[in-house]
Amino acid sequence: MRDVRPAATRGHRAWLLARRAAVTAALVAGLGTVAGCAAQASAGQSIQVSTAYVPVPHAGMTVAYVVIRNNGNADRLVAVHTSVGGRVTFRTAHGPGASVMSTIPSVRIPAHATLAMRPDGVHMLIDGAGPMDGGKDITLTLEFAHGGPVSVVAQVTDPESGGSSYFLN
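Residues numbered from 1 in each chain as written. Predicted model: local features only at pLDDT ≥ 70, side-chain atom pairs only at ≥ 80, totals over all residues. Heavy atoms only, no water.

Visitor: Is there a simple way to explain the overall build of the chain in this structure?
Guide: When its secondary structure is counted, the chain shows one helix and 11 strands. Listed by position from the N terminus, the elements making up the chain come as α-β-β-β-β-β-β-β-β-β-β-β. Out of the 169 residues belonging to the chain, those deemed buried represent 39%. Once local pairs closer than 6 in sequence are excluded, the contacts in the chain between residues at least 24 apart make up 62%. Counting every atom, the chain has about 9,000 Å² of accessible surface; 55% of that belongs to carbon and sulfur. (Helix = DSSP H or I, 4+ residues; strand = E, 2+ residues; numbered from the N terminus. Buried < 20%, exposed > 50% of the residue type's maximum accessible area, 1.4 Å probe, protein only. Contact = heavy atoms within 4.5 Å. Areas by Shrake-Rupley, 256 points an atom, 1.4 Å probe, with all protein chains shown as cover.)

Here's what the structure looks like:
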């Protein structure tokens, strides 16, 4: 579905891109699960990571979203590394309308729960990574306090090009 609205203001455009990313996450989760195409990795039997994607970086920065299913005791995501380098930090939104972002040291993964990262909630910020092209894949290695490392393939999406790697074109 192509967005045919006139060019938006810079702030509204950022909001639209964040909204598109959230919709993409939901679509990827649903389509990947139904079609059996979700990239999935697990640490032991308790942590499963799936539905990973990263929008093409702008100004050397991007974000990453994954879905984490914890079938065991509570755990924490304490670090993430990418196959293209860079620094990964955890961010969360808070304040009125979730308008303020702040860095957090780790991400709590409740016992027997699913955490879906999203633009207006917990997500990962990637800064200083190597080239990432739309439609290509990178590997994210997530390190959990108790579950150990889990690697998952993340598709790099490009909503600006409307390419086939982006579900809302």
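Visitor: How should the pattern of salt bridges be read in this particular structure?
Guide: A side chain with one charge may pair with a side chain of the opposite charge, provided their charged atoms come close. By the definition in use, this model includes one salt bridge. A salt bridge links D120 to R118, with the nearest nitrogen and oxygen atoms 2.8 Å apart. Accessibility expressed as a relative area gives 43% for D120, which makes it partly exposed. (Salt bridge = Lys/Arg side-chain N within 4 Å of Asp/Glu carboxyl O.)

Visitor: Which parts of the structure should I look at to understand the packing of aromatic side chains?
Guide: Aromatic ring pairs are described here by two measures, namely the spacing of the ring centres and the angle between the planes. One pass over the full model with this rule turns up one aromatic pair. Pairing Y53 with Y65 gives two aromatic rings, centres 5.2 Å apart and planes at 35°, and the pair type is tilted. Residue Y53 is located in strand β2 (residues 47-55), and its partner Y65 is located in strand β3 (residues 61-70); the two are separated by 12 residues in the primary sequence. Taking the relative accessible area as the measure of exposure, Y65 reaches 5% and is therefore buried. (Phe/Tyr/Trp six-rings, centres within 6.5 Å; stacked < 30°, edge-to-face > 60°.)

Visitor: Would you mind showing me how to read the side chain of T89 here?
Guide: Its location among the elements puts T89 in strand β5 (residues 87-94). For T89, a relative accessible area of 15% corresponds to the buried category. Excluding residues within four positions of it along the chain, T89 makes contact with T103, H123, M124 and L125.

Visitor: Which parts of the structure should I look at to understand the nonpolar core?
Guide: Across soluble globular proteins, nonpolar side chains show a tendency to be buried alongside one another. Within the largest apolar cluster, 32 residues are counted, with the highest numbers of intra-cluster contacts made by I68, L140 and L142. Among the elements of the structure, β2, β3, β4 (75-82), β5, β7 (107-109), β9 (123-127), β10 (137-144) and β11 (148-157) are those that each provide at least two residues to this core. When neighbours within four sequence positions are excluded, L142 is seen to be in contact with V49, V66, I68, L77, A79, V80, G148, P149, V150 and V152. (Core = buried A, V, L, I, M, F, W, Y, C linked by side-chain atoms within 4.5 Å.)

Visitor: How should the pairing of β11 be read in this particular structure?
Guide: For a regular strand, side-chain orientation follows a simple rule: the groups alternate between the two sheet faces. Of the strand pairs in this sheet, β2 and β11 are connected by four bridges, and their pairing is parallel. Directly across from A52, in β11, lies its bridge partner A154. Between the antiparallel neighbours β10 and β11 lie three residues. (Pairing = 2+ DSSP bridges.)

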